[in-house]
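Remarks on the overall topology
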Amino acid sequence: MAGMNRIDAPIKNRVRVILLNAALGPLDYRVPEGMTVLPGSIVMAPLGPRKVPGVVWDADSFPVDEIDAKKLRPLLELRDVPPLSAPLRRLIEWTARYYFASPASVLRMVLSSGAAFADNRPITEYRLNGNAPARMTPQREQALEKLADVQGTVSELAFRADVSIAVIRGLEKAGALDSSQASPFADIARPDPDFAKVDLSDNQNTVSETLIQAVQDSVFQPYLLDGVTGSGKTEVYFEAVAEALRQDKQTLVLLPEIALTEPFLDRFKARFGTEPVAWHSGLKQSDRKRNWRALADGDAKVVVGARSALFLPYKNLGLIIVDEAHEVSFKQEDGVRYHARDVAVMRGLYEKIPIVLASATPAIESRHQVEQGNYELLELPARFGAATLPEIQALDLTQDIPARGSWLAPTLINALEENLGKGEQSLLFLNRRGFAPLTLCRTCGHRINCPNCTAWMVEHRLTKRLACHHCGHVMPQPEKCPECSDEDSLVACGPGVERICDEVKMLFPQARTAIVTSDTIWSPAKAGEFVAQMEAGAIDIVVGTQLVTKGYHFPNLTLVGVVDADIGLEGGDLRAAERSFQQISQVAGRAGRAEKPGHVYVQTRMPGAAVIQALIKGDRDGFYDAETESRRAAAAPPFSRLAAVIVSSEDNAEAIEAARLIGQTAPKIEGFAVYGPAPAPLAMLRGRHRHRLLIHAHRSVELQDIMHEWLEKLEWPRAVRVGVDVDPYSFV
Ligand SMILES: [Zn+2]
Ligand SMILES: [Zn+2]
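Residues numbered from 1 in each chain as written. Chains lettered and ligands numbered in written order. Predicted model: local features only at pLDDT ≥ 70, side-chain atom pairs only at ≥ 80, totals over all residues. Heavy atoms only, no water.

Regarding the overall build of the protein chain
- Check the secondary structure of the protein chain and you find 19 helices and 29 strands.
- In terms of its C-alpha atoms, the protein chain occupies a principal-axis envelope of roughly 80 × 65 × 65 Å.
- Sequence separation of at least 24 residues holds for 76% of the intrachain contacts in the protein chain that already meet a minimum separation of 6.
- About 32,500 Å² of surface is accessible on the protein chain, with carbon and sulfur atoms providing 50% of the total.
- Charged side chains of the protein chain number 82 positive and 92 negative; the gap between the two group centres comes to 6 Å. (Helix = DSSP H or I, 4+ residues; strand = E, 2+ residues; numbered from the N terminus. Contact = heavy atoms within 4.5 Å. Areas by Shrake-Rupley, 256 points an atom, 1.4 Å probe, with all protein chains shown as cover. Lys, Arg positive; Asp, Glu negative; His and termini not counted. Charge placed at Lys NZ, Arg CZ, Asp CG, Glu CD.)

Now the structure itself:
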């Protein structure tokens, strides 16, 4: 931790630079006369004939081969942005080493907006002015339709309208667009800590006082804020945010889904009088640049974002909140495979600030940290206000049998009918997008597979296509069997949300329905529309995936049906039971959140399963204790550590050979076991053959040290990719 907490001194003459190029290690450069750089300074450096962005780094962090000073090339440019702080540089180093990523690929997340390299000149933005161009083309028509109320640069508009840049330029020439100059810097409104008065319960007060004290003390401390759905966790951590504002410090709030941002922004505005700064992939490029600059300059006081917001260069961070901290979507599955919850704790450590993990169903890992004394537990037991917890009832599908070709049990159908009659809203939960997960030929038994993956093509009837949920491959719904060419022989097997929605429409033609999945709610704005419709009572029955299980608060939603509670228990990865418990608890929490009591029906073929029993009895602690005990007995995480090595290539023989080499050279160390290689369950992904090794290690073993030493010595053909997934959540 060299360099922490001291003012970085300018570096003379020779500097080490990490270029934004994952294939290169750090390189040394000469500092030209008249340029003053610090560790963390953002610079442009020569690389061959090119000019490449990079960051000046601490010389002692990464050893490099010393080059004769006379041969060093001079830096080209120093960017006019604040240097990356020492705590952030330590976080980047830690992340790179812990997750087996290059420092450059972690840096890329820090500098992701391009703002550090952008001109500070005003940006020209365009919007439609209502004039129709004299000549109309299908592309122009599409642009006019999609760009209503959109303002952006030419390339942003082209992206939003899904047309070429030439089409947008053509519209501009035809006089259909107005232009305006936008500042590259944000004019950020400051949230007011005293904007709205809040009435907290005694319980909430006690907890919020602890957090306020932590913000004042400004020392590293993780808190697990554990409270059932509706217990008022947000109100409580908002008090800590208010304190950070009073101290003129920045707060980062991480949310698991960008779709949740919109309802959060509304709640935040009601409390603080203005919206926080948002950070997610749905932002337009110019907003990303502005927001990046505003948080780097310290003007943006509160940032709410998806996991990528974790690596941004905050000027004066005072508090981190991870909401819905148990969510698996905090784990990134491509690029740098980091877990945002865990990296957030490390950022808290380096920044010396408190961090709050909020959840109604905390991860076993987080509870274990409490037991170990590393995290402090803050509990909010009672529901705030008049709301009561819903009653959960299991429906045994072997007894309460759905009609042929349908999926809803008679008891659930009756409950839906009754709820419709009362004018109250219902939610059906099934964590499966599309219409049907499999299309099968009745004649020859052929199953329609993805050509690139070991996976079935999922039917999406709304878009009349089949799609692979692993690689994104799509194809039109075939008319006849691709194998035996029989016509009318293809049948959809199993339900997705679209099929459940069809069943609902058949049963209740008068009901107004909505489907909520990442296919329909793909932006915060779409989520906002859905929330508005629900609040206006324009929807009677919602059919949705895990996207509807959290964050929302609909007072008139009183019935929840879980269509298939057994899905999550299939596949048997180590967190299957925990994840099912969390998901069903969360979706159950959507029912009866105000004065009206809620009912929850859980359809299952295994009503006796421990997870289902715990849900019915409301025995959260019992479930956690049993699950924790079984992990301990099996020496599974958090009582041990796992890492996966994934070897892939388009050439299977090459992949097998590399995987074997890795397996054969595995170090023999006590408490460090290597299993495999074996073909991955998802044996083919995006046209690449995949093989896996699994490492199981005692907690006392230095997993990273051993694996770095082992893997860095090995070589394999260029076309082979070897990825390491530390603390894996996916085992396919
Ligand atoms: Zn066939
Ligand atoms: Zn695929």
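After that view, the rundown keeps rolling.
Thoughts on the sheet that holds strand β8 (residues 221-227)
- The strand order across the open sheet formed by 7 strands is β10-β11-β9-β12-β13-β8-β14, and the pairing between neighbours is parallel. The sheet is open, and its two borders are formed by β10 (277-279) and β14 (376-380), each paired with just one other strand. Between one strand axis and the next, the sheet turns by 20° as a mean value, whatever way the strands run.
- Looking at chain direction, β8 and β14 are connected through 5 bridges and run parallel. Following the sheet pairing, leucine 224 is matched in β14 by leucine 377.
- On top of the sheet, helix α7 (residues 233-246) reaches β8, β9 (250-254), β11 (302-305), β12 (317-323), β13 (354-359) and β14; it is set at about 165° to β12, its chief contact. (Pairing = 2+ DSSP bridges. Axes fitted to C-alpha atoms, helices over the stretch in contact; angles between N-to-C directions.)

What about the packing of helix α11 (residues 364-371) against helix α17 (residues 620-633)?
- Two elements in contact, α11 and α17, have axes separated by 11 Å at closest approach and are oriented at 85°. As judged from the angle between their axes, α11 and α17 are roughly perpendicular. In contact with Ile364, Glu365, Arg367 and Glu371 of α11, α17 contributes Arg620, Asp621, Tyr624, Asp625, Glu627, Thr628, Arg631 and Arg632.
- When its residues are assigned to classes, the contact of α11 with α17 shows 2 nonpolar, 1 polar and 9 charged. (Parallel < 35°, antiparallel > 145°, perpendicular 65-115°, else oblique. Nonpolar A, V, L, I, M, F, W, Y, C, P; charged D, E, K, R; others polar.)

Describing the nonpolar core
- Ranked by internal contacts, the top residues of the largest apolar core, which has 79 residues, are Leu107, Trp292 and Met707.
- Counting 36 residues, the second largest nonpolar core, distinct from the first, contains Ile364, Phe530, Phe554 and Ala591. (Core = buried A, V, L, I, M, F, W, Y, C linked by side-chain atoms within 4.5 Å. Buried < 20%, exposed > 50% of the residue type's maximum accessible area, 1.4 Å probe, protein only.)

So, the coordination of the zinc ion (ligand 1)
- Around the zinc ion (ligand 1), the protein contributes the donor atoms Cys441 (SG), Cys444 (SG), Cys481 (SG) and Cys484 (SG), at 2.2 to 2.3 Å from the metal centre.
- Note that the zinc ion (ligand 1) binds 4 donor atoms; their angles at the metal cover 108 to 111°, and the shape is tetrahedral.
- Positions of the donor residues of the zinc ion (ligand 1), expressed as sequence spacing, correspond to C-x2-C-x36-C-x2-C. (Donors = N, O, S within 2.8 Å, 3.2 Å for Na, K, Ca; no water. Tetrahedral: all angles 85-135°; square planar, octahedral: opposite > 155°, others 65-115°.)

Remarks on the side chain of glutamate 93
- Take glutamate 93: it is sitting in helix α1 (residues 86-98).
- Given a relative accessible area of 18%, glutamate 93 falls into the buried group.
- At 2.6 Å, the side chain of glutamate 93 forms a polar contact with the side chain of serine 61.
- At a separation of 3.1 Å, a polar atom in the side chain of glutamate 93 contacts the side chain of arginine 90.
- Apart from the residues lying within four places of it in its own chain, the contact partners of glutamate 93 are Trp57, Asp58, Ser61 and Phe62. (Polar contact = N/O pair within 3.5 Å; in protein donor to acceptor, adjacent residues only side chain to side chain.)

Overview of the coordination of the zinc ion (ligand 2)
- Around the zinc ion (ligand 2), the protein supplies Cys450 (SG), Cys453 (SG), Cys468 (SG) and Cys471 (SG) as donor atoms, at distances of 2.2 to 2.3 Å.
- Its 4 donor atoms give the zinc ion (ligand 2) angles of 103 to 116° at the centre, a pattern that matches the tetrahedral case.
- Counting residues between consecutive donors of the zinc ion (ligand 2) along the chain gives the motif C-x2-C-x14-C-x2-C. With cysteine 450 in the loop between β17 (438-441) and β18 (458-460) and cysteine 468 in the loop between β19 (465-467) and β20 (474-476), this residue pair connects regions lying 18 residues apart in the sequence.

So, the environment of aspartate 266
- Positionally, aspartate 266 belongs in helix α8 (residues 261-272).
- Aspartate 266 sits 250 residues away from arginine 16 along the chain, and the two C-alpha atoms are 45 Å apart.

Some words on the layout of surface pockets
- The computed volume of the second largest pocket comes to approximately 1,000 Å³.
- Along the wall of the second largest pocket there are 35 residues; nearest its centre are Arg160, His280, Gly282, Leu283 and Lys284.
- Mapped by element, the contributors of at least two residues to the lining of the second largest pocket are α3 (138-146), α4 (154-161), α8, β10, α9 (285-297) and α14 (524-535).
- When residues in the lining of the second largest pocket are grouped by element, the largest group, 4 residues, is from α14.
- When its residues are assigned to classes, the lining of the second largest pocket shows 14 nonpolar, 9 polar and 12 charged. (1 Å grid on protein atoms, 1.4 Å probe; cavity = no way out; pocket = protein on both sides within 12 Å on 5 of 7 lines; lining within 4 Å. Points joined across faces, edges and corners; volume = space filled by probe spheres on them.)

A short note on the packing of α7 against α8
- Here α7 crosses α8 at 60°, and the two axes come no closer than 11 Å. Between α7 and α8, the angle falls in the class oblique. Note that α7 runs across α8; the crossing there is right-handed. Seen from α7, the contacting residues are Thr234, Glu235, Tyr237, Phe238, Glu239, Val241, Ala242 and Leu245; seen from α8, they are Phe264, Arg267, Phe268, Arg271 and Phe272. (Left-handed = near helix turned anticlockwise from the far one by under 90°.)

A look at the confidence of the model for the protein chain
- On average, residues of the protein chain score 90 in pLDDT, and 95% of them reach the 70 mark or higher.
- The secondary-structure element of the protein chain with the lowest mean pLDDT is α4, recorded at 83, while helix α10 (residues 340-351) shows the highest, at 98.
- The low-confidence segment residues 1-5, where pLDDT is below 50, has 12 contacts with residues more than four positions distant or belonging to other chains. (pLDDT = per-residue confidence, 0-100.)

Some details on the packing of aromatic side chains
- Under the criterion given, the structure shown has 15 aromatic pairs.
- Aromatic side chains phenylalanine 238 and phenylalanine 264 sit 5.8 Å apart centroid to centroid with 70° between the ring planes, which places their arrangement in the edge-to-face category. Separated by 26 residues along the polypeptide, phenylalanine 238 in helix α7 and phenylalanine 264 in helix α8 bring together distant segments of the chain.
- On the numbers, 5.7 Å between centres and 90° between planes, the contact of phenylalanine 238 with phenylalanine 268 is edge-to-face. Placement of the pair is phenylalanine 238 in helix α7 and phenylalanine 268 in helix α8, with a sequence separation of 30 residues. Across the pair, exposure class does not vary: phenylalanine 238 and phenylalanine 268 are buried alike.
- Ring-pair connections join several aromatic residues into one group, and the members of that group are Tyr237, Phe238, Phe264, Phe268 and Phe272.
- Here arginine 271 stacks its cationic end above the ring of phenylalanine 272, 4.6 Å away from the centre of that ring.
- In this structure, arginine 461 packs its charged tip against the face of phenylalanine 435, placed 3.7 Å from the ring centre. (Phe/Tyr/Trp six-rings, centres within 6.5 Å; stacked < 30°, edge-to-face > 60°. Lys NZ or Arg CZ within 6 Å of the ring centre and 35° of its normal.)

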